Amino acid sequence: MIPDEKQKVGGQVLAEERTILVFEKDPEKAKDALLHEVVEIKIQPLIAEYQEAVNSLIKLVERLTYREKERVIKDLVPYLRYVFEDKK
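Just so we're clear, the structure is a prediction, and the values are computed from it rather than from any experiment. (Residues numbered from 1 in each chain as written. Predicted model: local features only at pLDDT ≥ 70, side-chain atom pairs only at ≥ 80, totals over all residues. Heavy atoms only, no water.)

Describing the overall build of the chain
In step 1: Secondary structure assignment for the chain yields 1 helix and 2 strands.
In step 2: Beginning at the N terminus, the succession of helices and strands in the chain can be written as β-β-α.
In step 3: For 88 residues, the compact-globule formula gives about 12 Å, and the C-alpha radius of gyration of the chain, at 26 Å, lies well above that figure.
In step 4: The principal-axis extents of the C-alpha atoms in the chain amount to approximately 85 × 30 × 20 Å.
In step 5: Counting the 88 residues in the chain, one finds 9% classified as buried.
In step 6: On the chain, roughly 8,300 Å² of surface is accessible, and the fraction owed to carbon and sulfur atoms is 60%.
In step 7: Averaged over its 16 positive side-chain charges, the chain has a centre that lies 8 Å from the centre of its 18 negative ones. (Helix = DSSP H or I, 4+ residues; strand = E, 2+ residues; numbered from the N terminus. Rg over C-alpha atoms; globule rule 2.2 N^0.38 Å. Buried < 20%, exposed > 50% of the residue type's maximum accessible area, 1.4 Å probe, protein only. Areas by Shrake-Rupley, 256 points an atom, 1.4 Å probe, with all protein chains shown as cover. Lys, Arg positive; Asp, Glu negative; His and termini not counted. Charge placed at Lys NZ, Arg CZ, Asp CG, Glu CD.)

Following this line, the structure appears as structure tokens:
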């Protein structure tokens, strides 16, 4: 445990180091923080699946948006060329 009153959170998981840091000075709050972080570790794989699904949807929407934007621009170029062409 690393008691630290300056921390805005009671604890933190360092996944790569396989470590849980607890910043609470009060023993009861420290226990709660530790339990919170243990539950966080257990729930993370479930959340990761939803995050992966959402990120896939975001990528799909980005690709579709890009294609549509490019189509609109391609369709507009001839009209813009006509509008800005020198009409002497």
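Once you've had a look at it, read on.
A look at a nonpolar patch on the surface
In step 1: A cluster of nonpolar side chains, contributed by Val72, Leu76, Tyr79, Leu80, Tyr82, Val83 and Phe84, occupies part of the molecular surface with about 790 Å² of accessible area.
In step 2: Examined against the element boundaries, Val83 turns out to sit in helix α1 (residues 27–84). (Patch = residues over 30% accessible without salt bridge, like charges linked within 9 Å, V, L, I, M, F, W, Y side chains within 5 Å. Salt bridge = Lys/Arg side-chain N within 4 Å of Asp/Glu carboxyl O.)

Quick notes on the environment of Leu46
In step 1: Mapped onto the elements of the fold, Leu46 is located in helix α1.
In step 2: Taking the C-alpha atoms as reference points, Leu46 and Glu62, separated by 16 residues in sequence, lie 25 Å from one another.

Concerning the side chain of Glu37
In step 1: With respect to the helices, strands and loops of the structure, Glu37 is situated in helix α1.
In step 2: No salt bridge is formed by the buried Glu37; its nearest oppositely charged neighbour, Lys42, is found at 14 Å.
In step 3: With residues near it in sequence (within four places) discarded, Glu37 still touches Gly11, Gln12, Val13 and Ile20. (Contact = heavy atoms within 4.5 Å.)

Things to note about the pairing of strand β2 (residues 19–22)
In step 1: In terms of strand pairing, strand β1 (residues 11–14) meets β2 through 4 bridges, oriented antiparallel. Opposite Gln12, over in β2, you have Leu21 as the bridge partner.
In step 2: Linkage of β1 to β2, two consecutive antiparallel strands, is achieved through a turn of 4 residues, within which Arg18 is found at a positive phi near 55°. (Pairing = 2+ DSSP bridges.)

Brief notes about the environment of Gln44
In step 1: If you trace the backbone, Gln44 turns up in helix α1.
In step 2: Classification of Gln44 by relative accessible area gives partly exposed; the value is 33%.
In step 3: Along the backbone, Gln44 and Leu21 are 23 residues apart, and their C-alpha atoms lie at a distance of 17 Å.

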